[in-house]
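Each chain, letter by letter, is given below.
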Amino acid sequence: MRRPLWIKHAAQLVTVAGGKGPRIGAEMSELGLIEDGSVWVENGEIKAVGTTAELEAQFGEWAEDADVYEAKGRLVTPGLIDPHTHFVYGGSREKEFEMRLEGASYMDIMNAGGGIHATARMTRKATEEELYRQAERRLDSFLRHGVTTVEGKSGYGMELQTELKQLNVMKQLNERHPVDIIPTFMGAHAVPPEFKGREDDFVRLIIDEMIPAVAADQLAVFNDVFCEVGVYTPEQSRRILEAGKRHGLAPKIHADEIEPYGGAELAAEVGAVSAEHLLKASVEGIRQMAAAGVIACLLPATALYLREEAAQGREMIDAGVPVAISTDCNPGSSPTTSMPLVMNLACISMRMTPAEALVAATINAAHAIGMQDKAGSIEPGKQADLVIWNVENYQELQYLFGINHVGAVWKKGEKVI
Ligand SMILES: N=CN[C@@H](CCC(=O)O)C(=O)O
Ligand SMILES: [Zn+2]
């Protein structure tokens, strides 16, 4: 039996508690805020939440047997959730960063054999041990930025063995690292050079061999596709996503990132849990996503890094689309692990409010990766994934931007930072 944990005297405790589905519209502003807040944790699980006075009355007599942590007038939130990352990869692409600053476009570099293809070559070459060590360092960095759960995608193999290698690294890290990892298979991340001009053959390989192998070993929860001009067409993407569904892998889709291509509409049609990027999503696509309840997973750091206009976050919320936000941590278009920066950018470049940004990075992000029953809010029965920030209120967290305000992090009741 572990000693209970009691966090008390939070200037603001943002619980984001209550509600069933992902939050939409005005619900995205409801933080379930408790002033002078307090949380009691037993065996890694949240037992009670309230004001410090309320918990004092309920648990005060057991305080001597508990680890008591004084929040000292600071902000406490749920551990942040990053619902879209590519954090397991080999090598690095800083030369491409320079090329892009000199004028080359992201797609030009990829079509010339760089970009995702360059990382795929380095990932294919790397041993499982090397990939594990690099990915572990990235997870440590996530944790230092207050992130306690991440989704992670394969997709830098685009041949079965390397895809399995990436997914196995995630499985091992999930067992050994404090951060929870939700794995996604993304064999359709690009068309590998050996299949150039024979794209449909590769789609068949994904459907007939890769998806069944990944599902048989229970190595992924989701199945994702890069639906983009010059990568996978909506028709090919539909086939891959439907095949995943037949094997129990829920669909996600990289949609309308570079050009409008009907990705948002396809996400609604196949019942995707989330559609990602959406920089160029059409008004009709946004309407269909709202009607189908597809979560928009928006990636403002990627837009900034590619020097593109950010997605229409404000308009999507106003249209009734549930919005989540993410780093998109990857070696090409967003090499960051900072969800706090992403929250800042959600406010600055997508006109989301500080409250909406927090909801998008916690409970809506949890819904985007099927973790809503365990994480994403501070309420009894959930994992004690908690962050103390060195600021007094949630507005200050978004206002003082580009700074890591993390003071302490608990994962399942264990202090990890
Ligand atoms: N757009 C496609 N995939 C990744 C980028 C991967 C890379 O450039 O290595 C993304 O979500 O941004
Ligand atoms: Zn991505």
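Residues numbered from 1 in each chain as written. Chains lettered and ligands numbered in written order. Predicted model: local features only at pLDDT ≥ 70, side-chain atom pairs only at ≥ 80, totals over all residues. Heavy atoms only, no water.

Student: Hey, could you run me through the UniProt feature "binding site: Zn(2+)" (unreviewed entry) in the protein chain in this one?
Tutor: Mapped onto the present numbering, the UniProt feature "binding site: Zn(2+)" (unreviewed entry) falls on His84, His86, His254 and Asp328. Maximum C-alpha separation among the annotated residues is 12.4 Å over a sequence range of 245 residues, consistent with a single clustered spot. When only the residues just named are considered, the largest cavity is lined by His86, His254 and Asp328. Mapped onto the secondary structure, histidine 84 falls in the loop between strand S6 (80–82) and helix H2 (94–101). Excluding residues that lie within four positions of it along the chain, histidine 84 makes contacts with Glu151, Lys153, His254, Glu276, His277, Cys297, Leu299, Ser326, Thr327, Asp328 and Cys329. Reaching out from histidine 84, the side chain makes a polar contact with the side chain of glutamate 276 at a distance of 2.8 Å. With respect to the helices and strands, aspartate 328 occurs in the loop between strand S13 (323–325) and helix H13 (339–350). When sequence neighbours within four positions are dropped, the list of residues in contact with aspartate 328 reads Asp82, His84, Thr85, His86, His277, Leu299, Thr302, Ser333 and Ser334. In this structure the side chain of aspartate 328 is engaged in a polar contact, spanning 3.3 Å, whose partner is the side chain of histidine 86. (UniProt positions renumbered as here; feature names shortened; annotations may be inferred. 1 Å grid on protein atoms, 1.4 Å probe; cavity = no way out; pocket = protein on both sides within 12 Å on 5 of 7 lines; lining within 4 Å. Helix = DSSP H or I, 4+ residues; strand = E, 2+ residues; numbered from the N terminus. Contact = heavy atoms within 4.5 Å. Polar contact = N/O pair within 3.5 Å; in protein donor to acceptor, adjacent residues only side chain to side chain.)

Student: What is the right way to look at the packing of helix H8 (residues 234–246) against helix H9 (residues 263–270) in this model?
Tutor: Each packed pair of helices is defined by two parameters, the angle between the axes and the distance between the axes. Look at H8 against H9: their axes get within 11 Å of each other, and the N-to-C directions meet at 30°. Here H8 lies roughly parallel to H9, going by the angle between them. Considering how the two elements wind past one another, H8 and H9 form a crossing that is right-handed. For the pair H8 and H9, the contacting residues are Pro234, Ser237, Arg238, Leu241, Glu242 and Lys245 in the first and Leu266, Glu269 and Val270 in the second. Its residues assigned to classes, the contact of H8 with H9 comprises four nonpolar, one polar and four charged. (Axes fitted to C-alpha atoms, helices over the stretch in contact; angles between N-to-C directions. Parallel < 35°, antiparallel > 145°, perpendicular 65-115°, else oblique. Left-handed = near helix turned anticlockwise from the far one by under 90°. Nonpolar A, V, L, I, M, F, W, Y, C, P; charged D, E, K, R; others polar.)

Student: What am I meant to see in the side chain of glutamate 356 here?
Tutor: Within the secondary structure, glutamate 356 sits in helix H14 (residues 354–360). A relative accessible area of 4% places glutamate 356 in the buried class. Engagement of the side chain of glutamate 356 in a polar contact is seen with the side chain of arginine 314, the distance being 2.8 Å. With near-sequence residues (within four places) excluded, glutamate 356 lies in contact with Met28, Ser29, Arg314, Ile317 and Arg351. (Buried < 20%, exposed > 50% of the residue type's maximum accessible area, 1.4 Å probe, protein only.)

Student: I'm lost on the pairing of strand S3 (residues 45–51) in this one. Help?
Tutor: For a regular strand, side-chain orientation follows a simple rule: the groups alternate between the two sheet faces. The pairing of strand S2 (residues 33–42) with S3 spans six bridges and is classified as antiparallel. Paired with tryptophan 40 across the bridge in S3 is alanine 48. The hairpin formed by S2 and S3 contains two residues between the paired strands, and asparagine 43 there has a positive phi angle of roughly 50°. (Pairing = 2+ DSSP bridges.)

Student: Is there a simple way to think about the state of the cysteines in this case?
Tutor: Between two cysteines, a covalent bond joining their sulfur atoms is known as a disulfide. The full count for this structure, using the stated rule, is zero disulfides. The structure places no disulfide on cysteine 297, whose sulfur is separated from the nearest cysteine sulfur, that of cysteine 329, by 13 Å. Among the cysteines around cysteine 347, which has no disulfide bond, cysteine 297 carries the closest sulfur, lying 16 Å off. (Disulfide = S-S within 2.5 Å.)

Student: Help me out: how do you make sense of the coordination of the zinc ion (ligand 2) in this one?
Tutor: A metal bound by six donors in octahedral fashion has ideal angles of 90 or 180 degrees, whereas one bound by four tetrahedral donors has an ideal angle of 109.5 degrees. Looking at the metal site, the zinc ion (ligand 2) is ligated by His84 (NE2), His86 (NE2) and His254 (NE2), spaced 2.0 to 2.1 Å from it. Considering all four donor atoms around the zinc ion (ligand 2), the spread of angles at the metal, 96 to 124°, places the coordination shape in the tetrahedral class. What makes histidine 84 buried here is its relative accessible area of 0%. On the basis of relative accessible area, histidine 86 is assigned to the buried category, the value being 2%. (Donors = N, O, S within 2.8 Å, 3.2 Å for Na, K, Ca; no water. Tetrahedral: all angles 85-135°; square planar, octahedral: opposite > 155°, others 65-115°.)

Student: Looking at this structure, I do not really get empty space enclosed by the protein. What am I missing?
Tutor: Where empty space is left becomes clear once a probe the size of a water molecule has been rolled over the atoms. Evaluation of the coordinates by the stated rule reveals three cavities of 30 Å³ or more. In this model, the largest cavity occupies a volume close to 100 Å³. Along the walls of the largest cavity sit His86, Tyr106, Ile116, Tyr156, His189, Phe226, His254, Glu257, His277, Asp328, Asn330 and Ser333, which together make up its complete lining. In terms of residue class, the lining of the largest cavity is made up of four nonpolar, six polar and two charged. Approximately 60 Å³ is the volume attributed to the second largest cavity. (Points joined across faces, edges and corners; volume = space filled by probe spheres on them.)

Student: Looking at this structure, how should I read the sheet that holds strand S12 (residues 295–298)?
Tutor: Two strands in a sheet stick together by hydrogen bonds in their backbones, pointing the same way (parallel) or opposite ways (antiparallel). Read from one edge of the open sheet, eight strands run S6-S7-S8-S9-S10-S11-S12-S13, paired in parallel fashion. At either end of the open sheet lies a strand with only one pairing partner, and these are S6 and S13. Across the sheet, the mean angle from the axis of one strand to that of its neighbour is 25°, orientation sign disregarded. Pairing of strand S11 (residues 274–277) with S12 involves three bridges; the strand directions are parallel. Residue pairing in the sheet places alanine 275 in a bridge with alanine 296 of S12. Running at roughly 175° to strand S9 (residues 222–227), H8 makes contact with strand S8 (180–188), S9 and strand S10 (250–255) of the sheet.

Student: Looking at this model, I keep getting lost on the site of ligand 1. Mind explaining?
Tutor: Around ligand 1, the structure places 16 residues, and the nearest of them are Tyr106, Tyr156, Glu257, Asp328 and Ser333. The contact in question runs from an oxygen atom of ligand 1 to an N or O atom on the side chain of tyrosine 156, over 2.5 Å. Note that an oxygen atom of ligand 1 is positioned 3.0 Å from one of the side-chain N or O atoms of histidine 254. Coverage of ligand 1 by the protein chains reaches 100% of its 330 Å² of free accessible surface. The cavity that encloses ligand 1 is the largest cavity. The residue inventory of the shell around ligand 1, partitioned by class, reads five nonpolar, eight polar and three charged. (Near = heavy atom within 4 Å. Areas by Shrake-Rupley, 256 points an atom, 1.4 Å probe, with all protein chains shown as cover. Sits in = over half its atoms within 2 Å of the grid points.)

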